[in-house]
Amino acid sequence: MNLLFYNIQSLLQVRSENKLLKGSEMKVLPCIENAWLLVENGKIADFGEMSSCPLHLKLKKVDAKGKIILPTWIDSHTHLIYAGNRENEFVDRINGLSYEEIAKRGGGILNSAKKLQETTEEELFKQSEKRLQEVIKMGTGAIEIKSGYGLTIEAELKMLKVAKKLGNKYKLPIKKTFLGAHAVPLAYKGDKSAYIQHIINDMLPKVAEQNLAEYIDIFCEQGYFDLNDTELIMQAGKKYGLKSKIHVNQFNSIGGIEKAVQNQALSVDHLEVLTEKDLKDLQKSNTIPVALPSCSLFLSIPYTPARKILEAQLPLVLATDYNPGSTPNGNMNLIVSLACIKMNMTPEEAINAATINAAYAIELEHKVGSITKGKLANLILTQEIPSYSFLPYSFGNNHIEEVYIQGEPQINP
Ligand SMILES: N=CN[C@@H](CCC(=O)O)C(=O)O
Ligand SMILES: [Zn+2]
């Protein structure tokens, strides 16, 4: 698709080079005011100030007067593939039970695993595709999807195959993460180490053989998987070329960040609880911290301390954690708003965390995350709005007019 956008009020996140932004670097959001942008063959071909706009070109043109164009959001942490929902647990929590108590009663991840095991691959694809279509329309233009609601070989492979099929059918980049170690299934109750061995010896080789994942994940948390389990899983993944992206410090800091850093994890995700020692460990590493603020909103748990992370001159990424238990929502616009409202991030920091830095968290910085020549034309065109700060300010409202994936409109095709 070839396309010329002209009269763009503001073209955001314009960068000639890729760079993971750290600490104070995240304050800067490079923009061109009164701009144009040329899309050729689904990629960003050129852009500039209106004074140099090639309006003479014979191609489809979009007048973006009063509107903003920015790269699509990158959602680097989701569990978008799941079967059914868990609104009953939501009501249980309103009535006083905690997330941990619900999990101990066999609810939580095990509840989702039961539903998923009973769902056919076709039906799982249908439910997941609907969610993917919805998040694309909300501006997500690259996404990571985890397994972890299967917890048997068959069901974990089923999830990853659905992710692969979505990747084949849709034009946005999809990265897949194997999360066999999400919870200990009932069949292994009381014998966690046997389940870990099952993951390493039986599941992982199949996942790798069928090329079903780029990353490996583990829920490193009290009551789920400990430091030893975490290390075993990360090292096993490494043998198959899978880098780790781990769930850590959601409820407790048990040393998972140190382990992740020692094992060169690509990212550590959640971090609602973060100690000075955790920050120091991160400072010595290339591991990227990822915050999931809608999980904090939904579970009423602390927000990841963004200011502390940025003051430590670390990078920060924002993602949704879209899943049926702790975040039944995949709206990246809400994430950017929550980051500003609840984590005290500036709009510039939040937009950087949800675009260019997020691309690094799934190793897609060469393809998406900024307005850079040669990157995919995965773009958000806003409605007429006064400024980019209006996006997080006017939270919960939709200000997107169109989303383009490789230059193709997704809302009004
Ligand atoms: N914490 C672990 N996994 C998911 C939630 C899982 C669930 O409750 O189904 C998360 O990232 O929040
Ligand atoms: Zn998660």
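Under an unreviewed UniProt entry, the name given to the chain is Imidazolonepropionase, and the source organism is Psychroflexus maritimus. For the record of the chain, the UniProt heading Catalytic activity (unreviewed entry) holds the text "4-imidazolone-5-propanoate + H2O = N-formimidoyl-L-glutamate". UniProt lists a comment for the chain under the heading Function (unreviewed entry), and it reads "Catalyzes the hydrolytic cleavage of the carbon-nitrogen bond in imidazolone-5-propanoate to yield N-formimidoyl-L-glutamate. It is the third step in the universal histidine degradation pathway."

A.B. asks: How would you explain the domain arrangement of the chain if you had to name every residue and give the values?
C.D. replies: Segmenting the chain into domains produces domain 1 (3-71 + 369-409) and domain 2 (74-361). Between the C-alpha centres of domain 1 and domain 2 there is a distance of 29 Å. Every contact between the two is made by 32 residues of domain 1 and, on the other side, 33 residues of domain 2. Contact between domain 1 and domain 2 buries roughly 2600 Å² in total, counting both sides, with carbon and sulfur atoms accounting for 63%. Among the residues domain 1 hides against domain 2, the three largest losses belong to L20, M26 and P392. Together they make up 25% of the total. Viewed at the interface, domain 2 and domain 1 are joined by two salt bridges. On inspection of domain 1 and its partner domain 2, the count reaches 17 residue pairs in polar contact (both at pLDDT 80 or more). A per-element tally of the side of domain 1 that touches domain 2 places strand β15 (residues 400-405) first, with three residues. Looking at the side of domain 1 that touches domain 2 residue by residue, the class counts come to 16 nonpolar, nine polar and seven charged.

A.B. asks: Describe the UniProt feature "binding site: Fe(3+)" (unreviewed entry) in the chain, listing the residues and the values that go with them.
C.D. replies: The sites that UniProt annotates as "binding site: Fe(3+)" (unreviewed entry) are H77, H79, H247 and D321. These annotated residues cover 245 residues of sequence, and their C-alpha atoms lie no more than 12.0 Å from one another, placing them together at a single site. Checked against the element boundaries, H77 lands in the loop between β6 (73-75) and α1 (87-94). Excluding anything up to four places from it in sequence, H77 contacts E144, K146, H247, D269, L292, A319, T320, D321 and Y322. Here H247 shows up in strand β10 (residues 243-248).

A.B. asks: Requested: an account of the site of ligand 1, with residues and values cited.
C.D. replies: Residues in contact with ligand 1 amount to 15 residues; listed here are only the nearest, Y99, Y149, H182, Q250 and S326. Here a nitrogen atom of ligand 1 and a side-chain polar atom of H182 are 2.8 Å apart.

A.B. asks: Give a detailed account of the sheet that holds strand β13 (residues 317-318), specifying residues and quantitative values.
C.D. replies: In spatial order, the strands read β6-β7-β8-β9-β10-β11-β12-β13; together these eight strands make up an open sheet with parallel pairing. Strands with a single pairing partner mark the edges of an open sheet, and in this sheet they are β6 and β13. Relative to strand β8 (residues 174-181), strand β7 (residues 140-146) runs parallel, the two sharing four bridges. Within β8, the position partnered with K146 by the bridge is T177.

A.B. asks: Describe the confidence of the model for the chain, with residues and values.
C.D. replies: Per-chain confidence: the chain averages 98 in pLDDT, with 100% of residues scoring 70 or above. With a pTM of 0.98, the predicted complex shows an ipTM of 0.98.

A.B. asks: Tell me about the packing of aromatic side chains, residues and numbers included.
C.D. replies: Per the stated rule, a full pass over the model turns up seven aromatic pairs. Between Y188 and Y195, the aromatic rings sit 5.2 Å apart at their centres with planes inclined by 50 degrees, giving tilted as the arrangement. Directly above the ring of F298 sits R93, whose terminal nitrogen or CZ lies 4.8 Å from the centroid. Across the ring face of Y82, the terminal group of R131 is positioned such that the distance to the ring centre comes to 3.5 Å.

A.B. asks: So what's going on with unusual backbone geometry? Residues and values would help.
C.D. replies: Its identity as a non-glycine residue notwithstanding, Q264 has a phi of 50 degrees, on the positive side. Residue position: Q264 is located in the loop between α8 (256-262) and β11 (267-270). Located in the positive-phi region is E363, a residue other than glycine, with phi close to 50 degrees. Along the chain, E363 turns up in the loop between α14 (356-361) and β14 (379-384).

A.B. asks: Explain helix α4 (residues 121-137) residue by residue, including any values.
C.D. replies: In this model α4 runs 24 Å from its N-terminal to its C-terminal C-alpha over 17 residues, within 8% of the 24 Å that 1.5 Å per residue would give. Buried within α4 are the following residues: E121, L124, F125, S128, E129, R131, L132, V135 and I136. On its buried face, α4 sits against α3 (109-117), β7, α5 (153-169), β8 and β15. Positioned one or two residues after α4, G139 has a phi angle of 105 degrees, which is positive.

A.B. asks: Before we move on, could you go through the UniProt feature "domain: Amidohydrolase-related" (unreviewed entry) in the chain and cite the residues and values that matter?
C.D. replies: Taken from the UniProt record, the annotation "domain: Amidohydrolase-related" (unreviewed entry) applies to residues 68-407. Annotated as 43% helix and 16% strand, the span residues 68-407 places its first and last C-alpha atoms 16 Å apart.

A.B. asks: Could you give an account of the pairing of strand β1 (residues 3-12), naming the residues involved and the relevant values?
C.D. replies: By the criterion of burial, β1 is predominantly enclosed, with eight of the ten residues buried. By the bridge criterion, seven bridges tie β1 to strand β2 (residues 31-40) in an arrangement that is antiparallel. Residue pairing across strands places L3 opposite V39, the latter belonging to β2. Sheet analysis places β1 next to strand β5 (residues 67-71), joined by two bridges and oriented parallel. Note that in β5 the partner of S10 across the bridge is I68.

A.B. asks: Give me the environment of P289: which residues, what numbers.
C.D. replies: With respect to the helices and strands, P289 occurs in strand β12 (residues 288-291). Judged by relative accessible area, P289 falls into the buried class, the value being 0%. Between the C-alpha atom of P289 and that of N263, which follows or precedes it by 26 residues, the distance is 15 Å. Leave out the neighbours within four places in its chain, and P289 touches V268, L271, L282, I309, P315, L316 and V317.

Basis of the calculations
Residues numbered from 1 in each chain as written. Chains lettered and ligands numbered in written order. Predicted model: local features only at pLDDT ≥ 70, side-chain atom pairs only at ≥ 80, totals over all residues. Heavy atoms only, no water. UniProt positions renumbered as here; feature names shortened; annotations may be inferred. Domains from an automatic or database assignment. Contact = heavy atoms within 4.5 Å. Buried area = accessible area lost by both parts, 1.4 Å probe. Salt bridge = Lys/Arg side-chain N within 4 Å of Asp/Glu carboxyl O. Polar contact = N/O pair within 3.5 Å; in protein donor to acceptor, adjacent residues only side chain to side chain. Helix = DSSP H or I, 4+ residues; strand = E, 2+ residues; numbered from the N terminus. Nonpolar A, V, L, I, M, F, W, Y, C, P; charged D, E, K, R; others polar. Near = heavy atom within 4 Å. Pairing = 2+ DSSP bridges. pLDDT = per-residue confidence, 0-100. Phe/Tyr/Trp six-rings, centres within 6.5 Å; stacked < 30°, edge-to-face > 60°. Lys NZ or Arg CZ within 6 Å of the ring centre and 35° of its normal. Expected span 1.5 Å × (residues − 1). Buried < 20%, exposed > 50% of the residue type's maximum accessible area, 1.4 Å probe, protein only.

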